[in-house]
Each structure stands twice: as C-alpha cells, then as structure tokens.
Amino acid sequence: MTTGSNGDSLAVINVVMQGFATGTLLYVIFFEILSKDRSGMVPYLSVVGGSLLMAGMQYIGEHLKI
C-alpha cells in the first residue's frame, strides 16, 4: 500500500482504510464503552471534547509544519 506507480489509487485506499479505522473506534466507544456507563452527559461530552482537541492539534500541526 505504500509503494506503487499510481499515487491516486493509493490515496483512495488510504482514505478508505482510515474511514474503517475511525468507524471501528467510534463503534467501540459509543456502543461498547459508553453504553455501560450511564452517568449522564459527561462521558459523551468528554468524547466530543477530546475529538475536537485532537482535530485542533492536527490542524495547527499542519499549518505550522510540525
């Protein structure tokens, strides 16, 4: 997957694989872990806040070329 003559097909494969990984992670978080812990909105807000934090860090890292 990392080498080949056609870079476009590798980009599509990369996006599809990242989509599967993200979907699996979200499924495990929301349907397996958080469904057992019913202590209000705090766990759900923590997941959303953590996701926004990671997205912000990635955005800043791309623009600062870190």
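Residues numbered from 1 in each chain as written. Predicted model: local features only at pLDDT ≥ 70, side-chain atom pairs only at ≥ 80, totals over all residues. Heavy atoms only, no water.

Undergrad: Any chance you could break down the overall build of the chain for me, citing the residues and the numbers?
TA: When you go through the chain residue by residue, the secondary structure sums to 2 helices and 0 strands. Considering the chain as a whole, with its 66 residues, one finds that 6% of them fall into the buried category. Approximately 5700 Å² of the chain is accessible, and the part contributed by carbon and sulfur atoms is 70%. (Helix = DSSP H or I, 4+ residues; strand = E, 2+ residues; numbered from the N terminus. Buried < 20%, exposed > 50% of the residue type's maximum accessible area, 1.4 Å probe, protein only. Areas by Shrake-Rupley, 256 points an atom, 1.4 Å probe, with all protein chains shown as cover.)

Undergrad: Explain helix 2 (residues 42-64) to me, and be specific about the residues and the numbers.
TA: Helix length check: helix 2, at 23 residues, gives a terminal C-alpha distance of 32 Å against a target of 33 Å (1.5 Å per residue), a fit within 8%. Buried within helix 2 we find Pro43, Val47 and Gly61. Positive phi appears at Lys65, one or two residues downstream of helix 2, with a value of about 60 degrees. (Expected span 1.5 Å × (residues − 1).)

Undergrad: Tell me about the environment of Ile33, residues and numbers included.
TA: Position of Ile33 relative to the elements: it lies in helix 1 (residues 7-33). A C-alpha to C-alpha distance of 9.7 Å links Ile33 and Pro43, two positions 10 residues apart in sequence.

Undergrad: Can you lay out a nonpolar patch on the surface for me, pointing to particular residues and giving the numbers?
TA: A cluster of nonpolar side chains, contributed by Val12, Ile13, Val16, Met17 and Phe20, occupies part of the molecular surface with about 460 Å² of accessible area. With relative accessibility at 34%, the residue Ile13 sits in the partly exposed group. (Patch = residues over 30% accessible without salt bridge, like charges linked within 9 Å, V, L, I, M, F, W, Y side chains within 5 Å. Salt bridge = Lys/Arg side-chain N within 4 Å of Asp/Glu carboxyl O.)

Undergrad: Talk me through the environment of Phe30; I want residue IDs and the actual numbers.
TA: Of note, Phe30 is situated in helix 1. With 14 residues separating them along the chain, Phe30 and Tyr44 place their C-alpha atoms 8.3 Å apart. Once residues lying within four places of it in the same chain are set aside, the contact partners of Phe30 are Ser35, Tyr44 and Val47. (Contact = heavy atoms within 4.5 Å.)

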